[in-house]
Amino acid sequence: MVFSCPEVTKWSKSLPCDITLSCPEITADSPVLTSKAQTEIDNELAALRERMRALRTRRNSLSPISSIPPEILGTIFVHHVEQTQLLHAPDAPAVLSWLFIGHVCRHWCEVALGTLELWATPFLNSSQATEEMLLRSKMAPLKLRIGRNYRMDCVKKTLLHIERLQEITFPFFNGGTTHRCVTVFFNKLSSCFAPKLQSLSLEGGFRRTQVTIPTSFPAPNLRSLQIKRCNLSWTSSVLTGLTVLNITKLSPECLPTLDELISALRRMPALRTLNLEDALPTLPPQTTSLPCASRATNVRLPHLKHLRFAAQMLEVANVLAHIELQEATLSEVRFVCGTFSAIPHQAWNLSFPVISRALESCFKVGPDQSRQVPRSMRLFCRSGCIRLHCNAVRNPSSWSKSGTCLDLDLSAEGSITLQFDFTDNMERTILSDLQKVVPLGNIEAMYFHISFRCWDGFWTSVLGRGATYNLAYMYLRGSRQALEELLKSLRSQNHSVSRRVHGREQQGPIFAPVLSHLVLHDLEFGPSILNRMRPSLLLDVLINRVHEGRGLDHLEFISTTGILARDVKLLREVVAD
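Each value, and the rule that gives it
- Residues numbered from 1 in each chain as written.
- Predicted model: local features only at pLDDT ≥ 70, side-chain atom pairs only at ≥ 80, totals over all residues.
- Heavy atoms only, no water.
- Buried < 20%, exposed > 50% of the residue type's maximum accessible area, 1.4 Å probe, protein only.
- Helix = DSSP H or I, 4+ residues; strand = E, 2+ residues; numbered from the N terminus.
- Arc of directions from axis to C-beta.
- Expected span 1.5 Å × (residues − 1).
- Contact = heavy atoms within 4.5 Å.
- Phe/Tyr/Trp six-rings, centres within 6.5 Å; stacked < 30°, edge-to-face > 60°.
- Lys NZ or Arg CZ within 6 Å of the ring centre and 35° of its normal.

This brings us to helix 6 (residues 152-159). Inspection of helix 6 places Met152, Cys154, Val155, Thr158 and Leu159 among the buried residues, and these make up the whole buried set. Down the axis of helix 6, the buried side of the element spans an arc of 160°, and every buried residue falls inside it.

Glancing now at helix 15 (residues 535-547). A rise of 1.5 Å per residue sets the reference length of helix 15, with its 13 residues, at 18 Å; its end C-alpha atoms lie 19 Å apart and thus fit the reference within 8%. When we look at burial in helix 15, the residues that qualify are Pro535, Leu537, Leu538, Leu539, Asp540, Val541, Leu542, Asn544 and Arg545. Residues of helix 15 that are buried in the fold lie against helix 14 (480-490), strand 18 (517-521), strand 19 (554-558) and helix 16 (565-572). Immediately beyond the C-terminal end of helix 15, within one or two residues, lies Gly549, with a positive phi of roughly 80°.

Tallied over the full model, the rule gives 12 aromatic pairs. With centroids separated by 6.2 Å and ring planes inclined at 25°, the aromatic side chains of Phe309 and Phe335 adopt a geometry described as stacked. Pair noted here: Phe309 is in strand 10 (residues 306-312) and Phe335 is in strand 12 (residues 332-338), with a separation of 26 residues, a long-range link. Per residue, the accessibility class of Phe309 equals that of Phe335, and both read buried. With a centroid separation of 6.3 Å and 75° between ring planes, the pair formed by Phe452 and Phe458 is classed as edge-to-face. You can call Phe458 buried: its relative accessible area is 0%. In textbook terms, an aromatic cluster arises when at least three aromatic residues are bridged by ring pairs, as seen for Phe448, Phe452, Trp455, Phe458 and Trp459. Stacked on the ring of Trp119, the Lys or Arg Arg136 has its end atom at 4.7 Å from the ring centre.

Structure below.
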């Protein structure tokens, strides 16, 4: 930067040439000379800043939010941190975004520092963060949650506080180092005491050598055990007093016998959630009958709310036959059954009576009205798989967004999910038996996704004859044959028009008499007579229902071809919307 002044320049030119102007050189190392007046001004500015800070603090203290007691404000912070931890993985830096609450004001910072629960989940991607959070949490119960990326030294530092551990979530996918760390942890746990440990969740990788939970497990307050690809002994003390038991994919050598499983369940009378996937007692492939047992010897689980089994159908039925389900408490049931046996029809005939008895107790309304009967049903059918989901919540607006992968609302009351995988042509048998169990008279909304060829009388097999008298909403996605059969079922014999649907009409009472909403998704119509599914056939059926006094209020087409403008004009004359 250059400064110039004309007067100074003119004055300097009049000076003799031998005169040299110089000044002391000021470098970065030279001491800065500050006058006494400047120091006084600096001190006054600092005092003003402190005065302004104090005034802002006083002003903030007059805000309504500042009247919240520190204990309640700390509880609010804890809920905020819990929500943040649900949104982000334990190893993501965003999981610490809640730290900004300490930057709002001095009061919030003091409350955050004094709320020990905020610091009780160490961030295991930073050694400094782990040490600081362990220090700030003091003696609060710790939650060890490990993601896919972490520092092993941080994990070891947290495990040194085993007497404070309340929750452990430990997926070990990263090879031998993590595997050894888990082994060391269990060895230490066998010789130490974990009085505060309440929840243990372990998930192993696809290694030949799996982690084995020790038989001696000194954690008297453990209430939740969730393991996947880990081994355990069914006589272990860990299987005592649990309220949540979730076991997935045990090694074949660790699968229990029926007596071992029933004995373990007897040690958990307060069990609320039971989830066993590929962890049930096995049966020989040529099993022709299930072991009989008197109801007096069955295990009773009076507090069970969530029941999920996934195994071969005979294995599921074998365990269900020895469990007394309490209809007053059970709110969610999910069975995933395979029928890959030498004689699948025989396996179905042996298993379904047991499964149906369990389902009948689930469909009943509790004496205190704590559980409602199903109001909605979703059926997904493809070759080799049938999935049925019933729910006490009627919420069809979300079904169209789920596509082929139904987003099942398993948290809702009255949720029942059945999935049957099979190798033989068993669709007709399975669907005909299921409609005898489901209380179709209470169903108000149904979603169907069907991707196999339907047979004549398909909807009678699925929904019975005249059983769906409260069905108001129907969503159909799938094959053309399913729509053809539906139109035959929707037609009434009493008021027919010029055309029949392929020469046949539905006999008996009108199908779904209160049906008011119909959604057709991913179907194909055609104007040509060569195309068996023409819009005129749908129009005839809707006119037929209008004559019966059962016209539609709403008709919707989604990704459906072959519906032209003239067809829409005609359909609007018989449909309200």
